[in-house]
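Each chain, written out:
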Amino acid sequence: MWGIVRQNVGGASGLSSQVMRLRPVASAMRNYSSATKEMTVRDALNSALDEEMAADPNVFVMGEEVGEYQGAYKITKGLLDKYGPERVVDTPITEAGFAGIGVGSAYHGLRPVIEFMTFNFSMQAIDHVINSAAKSNYMSAGQINVPIVFRGPNGPAAGVGAQHSQCYGAWYGSVPGLKVLVPYSSEDARGLLKAAIRDPDPVVFLENELLYGESFPVSAEVLDSSFCLPIGKAKIEREGKDITITAFSKMVGYALKAAEILEKDGINAEVINLRSIRPLDRATINASVRKTNRLVTVEEGFPQHGIGAEICASVVEDSFGYLDAPVERVAGADVPTPYAANLERMAFPQIEDIVRAAKRACYRAVPMAATA
Amino acid sequence: MINISLCRLTRTRRGGGNFMKKIICSNQVINWLCSHQTTSQTTSASLFSILGDSMIIRKGIRDSSSCRLAYAGFMGARCYNSMQTGEQILSEEEEEDDNNGDSDFEKTKVMDYPGGKTTYTIEMNFIPGSFEERVKCYRVLDEDGYPISSNMLEHMSEELALKVYSGMVTLNTMDKFFYEAQRQGRLSFYLTSFGEEAINLASAAALSFDDIVLAQYREPGVLLWRGFTLQEFANQCFGNNMGHGKGRQMPIHYGSKNLNYITISSPLATQLPQAVGMAYSLKMDKKDSCVVAFFGDGTTSEGDFHAALNFAAVMDAPVVFICRNNGWAISTQVTEQFRSDGIVVKGQAYGITSIRVDGNDAFALYNVVRRAREAAINEQRPILIEAMTYRVSHHSTSDDSTKYRSKDEIEHWNTVQSPITRLRKCIERKGWWSDKEEFTLRLKTKKQVRNAIDEAEKEEKPLLRDLFTDVYNELPSNLMEQETLLRETIQRHPKDFPRDIPL
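Fair warning: this is a prediction, and the values are worked out from it, not measured in the lab. (Residues numbered from 1 in each chain as written. Chains lettered and ligands numbered in written order. Predicted model: local features only at pLDDT ≥ 70, side-chain atom pairs only at ≥ 80, totals over all residues. Heavy atoms only, no water.)

Draft legend 1. Fine view of the confidence of the model for chain B. Residue and element names in this part refer to chain B. On average, residues of chain B score 83 in pLDDT, and 78% of them reach the 70 mark or higher. Considering only residues more than four positions removed or in separate chains, one finds that residues 1-25, a stretch of pLDDT under 50, has 77 contacts. In the model, residues 37-102 has pLDDT below 50 throughout and makes 124 contacts with residues more than four positions away in sequence or in other chains. Scored as a complex, the prediction yields pTM 0.77 and ipTM 0.77. (pLDDT = per-residue confidence, 0-100. Contact = heavy atoms within 4.5 Å.)

Draft legend 2. The packing of helix α3 (residues 95-107) of chain A against helix α4 (residues 126-134) of chain A, seen in detail. Residue and element names in this part refer to chain A. Here α3 crosses α4 at 15°, and the two axes come no closer than 9 Å. Taken together, the axes of α3 and α4 lie roughly parallel to each other. Here the hand of the crossing between α3 and α4 comes out right-handed. Facing α3, whose interface residues are A96, A99, G100, V103 and Y107, α4 presents H128, S132 and A133. Looking at the contact of α3 with α4 residue by residue, the class counts come to 5 nonpolar, 3 polar and no charged. (Axes fitted to C-alpha atoms, helices over the stretch in contact; angles between N-to-C directions. Helix = DSSP H or I, 4+ residues; strand = E, 2+ residues; numbered from the N terminus. Parallel < 35°, antiparallel > 145°, perpendicular 65-115°, else oblique. Left-handed = near helix turned anticlockwise from the far one by under 90°. Nonpolar A, V, L, I, M, F, W, Y, C, P; charged D, E, K, R; others polar.)

Draft legend 3. A look at a negative patch on the surface. Residues and elements named next belong to chain A. Together, E65, E68, D81 and D90 line one region of the surface with negative charge. Locating E65 in the fold gives a position in the loop between β2 (59-63) and α2 (79-83). We classify E65 as partly exposed; its relative accessible area is 37%. (Patch = residues over 30% accessible without salt bridge, like charges linked within 9 Å, V, L, I, M, F, W, Y side chains within 5 Å. Areas by Shrake-Rupley, 256 points an atom, 1.4 Å probe, with all protein chains shown as cover. Salt bridge = Lys/Arg side-chain N within 4 Å of Asp/Glu carboxyl O. Lys, Arg positive; Asp, Glu negative; His and termini not counted. Charge placed at Lys NZ, Arg CZ, Asp CG, Glu CD. Buried < 20%, exposed > 50% of the residue type's maximum accessible area, 1.4 Å probe, protein only.)

Draft legend 4. Just the confidence of the model for chain A, in detail. In the predicted model, chain A carries a mean pLDDT of 89, and 88% of its residues have values of at least 70. This model gives residues 1-34 of chain A a pLDDT under 50, and the stretch forms 49 contacts once residues within four places in sequence are excluded.

Draft legend 5. Geometry of the interface of chain B and chain A. At the junction of the two partners, chain B supplies 35 residues and chain A supplies 40 residues. Taken together, both faces of the contact between chain B and chain A bury some 3,200 Å²; the carbon and sulfur share is 63%. Linking chain B with chain A are 0 salt bridges. For the interface between chain B and chain A, the tally reads 13 residue pairs in polar contact (both at pLDDT 80 or more). Residue assignment for the side of chain B that touches chain A shows that the elements contributing at least two residues are α9 (271-285) and α10 (303-315) of chain B. Counting residues per element, the side of chain B that touches chain A draws most heavily on α9 of chain B, which supplies 10 residues. Of the residues assigned to the side of chain B that touches chain A, the class counts are 15 nonpolar, 13 polar and 7 charged. (Buried area = accessible area lost by both parts, 1.4 Å probe. Polar contact = N/O pair within 3.5 Å; in protein donor to acceptor, adjacent residues only side chain to side chain.)

Draft legend 6. Representation of the layout of surface pockets within the structure. In this model, the largest pocket occupies a volume close to 1,200 Å³. Around the largest pocket, the lining is made up of 47 residues, and of these R278, P279, L280 and R282 of chain A together with N478 of chain B lie nearest the centre. Looking at the lining of the largest pocket, the elements with two or more residues in it are α5 (136-139), α6 (169-173), β12 (276-278), α10 (282-292) and α11 (307-319) of chain A together with α17 (477-492) of chain B. In terms of residues, the lining of the largest pocket owes the most to one element, α11 of chain A, which gives 7 residues. (1 Å grid on protein atoms, 1.4 Å probe; cavity = no way out; pocket = protein on both sides within 12 Å on 5 of 7 lines; lining within 4 Å. Points joined across faces, edges and corners; volume = space filled by probe spheres on them.)

Draft legend 7. Geometry of the sheet that holds strand β13 (residues 295-298) of chain A. Residues and elements named next belong to chain A. An order of β9-β11-β10-β13-β14 is seen for the 5 strands of this open sheet, with the pairing classed as mixed. Of all strands in the sheet, those with a lone pairing partner are β9 (235-238) and β14 (328-330), marking the two edges. Between one strand axis and the next, the sheet turns by 25° as a mean value, whatever way the strands run. As paired elements, β9 and strand β11 (residues 269-273) share 3 bridges and run antiparallel to each other. The residue of β11 that forms the bridge with K235 is N273. Of the strands in this sheet, β10 (243-247), β13 and β14 touch helix α13 (residues 351-361), which is tilted by about 175° from β14. (Pairing = 2+ DSSP bridges.)

Draft legend 8. Quick look at the pairing of β2 of chain A. All names here are of chain A. By the criterion of burial, β2 is predominantly enclosed, with 5 of the 5 residues buried. Burial of β2 is two-sided: the residues V59, V61 and G63 facing one way and the residues F60 and M62 facing the other way are all buried. By the bridge criterion, 5 bridges tie β2 to strand β4 (residues 111-115) in an arrangement that is parallel. Bridged to V59 within β4 is R111. Strand direction decides the pairing type here: β2 and strand β3 (residues 88-90), joined by 3 bridges, are parallel. What sits directly across from G63, in β3, is D90.

Draft legend 9. Structural view of helix α9 (residues 250-264) of chain A. Residue and element names in this part refer to chain A. Across its 15 residues, α9 extends 23 Å between first and last C-alpha, which sits within 8% of the 21 Å expected from 1.5 Å per residue. Counted residue by residue, α9 has 12 buried out of 15 residues, so it is predominantly covered. For α9, the complete set of buried residues consists of K250, M251, V252, G253, Y254, A255, L256, K257, A258, A259, E260 and L262. Of the residues flanking the end of α9, it is G266, one or two places downstream, whose phi is positive at about 80°. (Expected span 1.5 Å × (residues − 1).)

Draft legend 10. Highlighting α10 of chain A. All names here are of chain A. Residues of α10 that are buried include every one of T284, I285, N286, S288, V289 and T292, and no others. Buried positions along α10 lie against β9, β10, β11, β13 and α11. Of the residues flanking the end of α10, it is N293, one or two places downstream, whose phi is positive at about 70°.

Draft legend 11. Here's a closer look at the UniProt feature "domain: Transketolase-like pyrimidine-binding" (unreviewed entry) in chain A. Per the UniProt record, "domain: Transketolase-like pyrimidine-binding" (unreviewed entry) is found at residues 39-214 of chain A. Overall, residues 39-214 of chain A shows 36% helix and 16% strand. The separation of its end C-alpha atoms is 8 Å. (UniProt positions renumbered as here; feature names shortened; annotations may be inferred.)

Draft legend 12. Summary view of the environment of L187 of chain B. In this fold, L187 of chain B is placed in the loop between α5 (158-183) and α6 (197-206). Here L187 of chain B is in contact with F178, A181, Q182, C237 and F238 of chain B, once residues within four sequence places are set aside.

Pasting the structure below:
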């Protein structure tokens, strides 16, 4: 493992205006002297919730510590004071309980936003997400729809061990009847959460704890209260012609970083921010692969039956003739997440892993097995 | 020698009316008592026998560390080492009026931990897991349909009672024929409600049509009461195109939005937190209706049951929880399911008003559900009803219960204890019903049920497009593609597909 060379990227490097830099998690400092407004993902989520609650009196928030405590991660800060305890409900500690109650209230026309402190705890309520929410519209032949949103941090944070670090994208992404969204930037967070709340179907909204404190530039359009992103459309964060890199959530940032490194080696990478795991934007992915002919998928979750597996299958089905190299999957290690910092670092994709995988797909390095 | 004059003896009332002695004495005396505890057994023993069940308070405490008194050695007398307690008591003592001792005494017996004041006790009494006498069961009619008490207040009128009886007979007949249809291979699955007809119909009669019902699976009678036709039941079971369910769910998983009966869901107890959620929604709407959730005895072992009851109590949700305690969960008897005194005590454990009722007594059920519903709506709080009954049915068509219980036992509950027979005796005695009407009803119902089954069987199966609709609110593009692909494949290879799929 060679040491990390953290590049200090200047402003002009031929990229689109929405270049991001990875900053320390805790700060949300301004970096640009331009007039572009910046917003943390946390504020983006908070403002989206606030605006949707103001617009529709049926929307309400429920979860542990969402009210008085202002939210375990402060996403629901200020909402209790503004909307009162009937619309910001602190619950006893029972995921199964409040998930079921949320679904029940949705049966009767309310629009709950259920917060899981982390999606690892959603497993205690997964029956309600799948069997009560996802399948109800179908089983009741359209009589009972469930306009519910389950949201919360997903995937690893930092040093929280096996039971707080799993990515549930693949688990929920495999269930028909659910929509699964994975925002990355503040624009994603705002637009997708608003879309999720307005959607008549149950939505699983997978956030990332380490992204909460990150700032991203947001345009005036994004800040408007009617702003909404379409569900099921991926975003091309960086255009390129040599290789396609798909990623979601925090890995988008890593992929962009990797793309900058690859640029130095003359490899022009296209980075796709999936934004939505279900429905998966197969069209965008396939169009990109048909252009670049090479694909690297990146995710933090376990490799078997993961998002990368699904994307690879889709590309093989639809664009086999266009592939010039086998698809590379970069995923988390196939182990429950260890706690020790050095081990944890080895258990999740790092920027270098993405760079090496891309080089392999471009036949620029000695071919090796997928594990690096 | 101890100078008892140094002690002030007061008498004060302990909780419960027993008097006990309070002895306030100086440090000197305490020290003496301490030192003599282990040495002179006889002297201290006699003194302690005088002290008996007294409370010794150290006066003028400045150091509490000097004496550590073994409780056992005092044979009931207690001593306060704590400065605070002692001072508190002493300051109360100064103003004490001996005759008014008890109020002061009660004040001092209170502990202030989070969650509310409790009084303490020096007696280490464990609350028993169950009391010798079980919670009593409310009943109006005896086994022969005679009213037990002459005071029959708030009972069903003639019209209502006959409607309930009719419903019970219809349910029973429908069950018999549909069960047979499954045995003949015409249905894949069925589940009967034999022995529980009273719970089905009498509770339904006590509710309003605006009350939302979340049932488990042995409550189709509630749907029947509200107007779901025999034909509709049959259509759902046969999974044909006419069924409201578009062939999506297995038999007996009925549902009707119009009749406020939520589609049955297979995993047990999931309907309970859902019920609380719906009640919360009703509460926000301030509607004059409540939510009613049905479940069996076995279901109370599920986590969702506990979460739901706890939540309902905390949220003051207008839910009526009705448990059909029929003694069996497939082959698991209630004695193997839980060790508590049934389900009624579990309601109390969560802070919910609860009642146990004879589930085979239609009149009793009607009264209880009526009252519970009123309380839930007017007082905006949950109520739990445990209806005692017996599952005459096999669990379902996939079960043969003679494998784990005797035929005689089943027969006994099917005949002697039958809720239908009990009600019939009552209404006949009242002159509201006769053999002739019985005969007519039975004949009519059999015909209707047979007809419904035959019609449902002949009906077309659901359309191919209904494979893909309702997954989401709007048909997504990938499903549209799949449907197109499927149709093309069927066209190209018709031999690979069955003939009876309407395209």
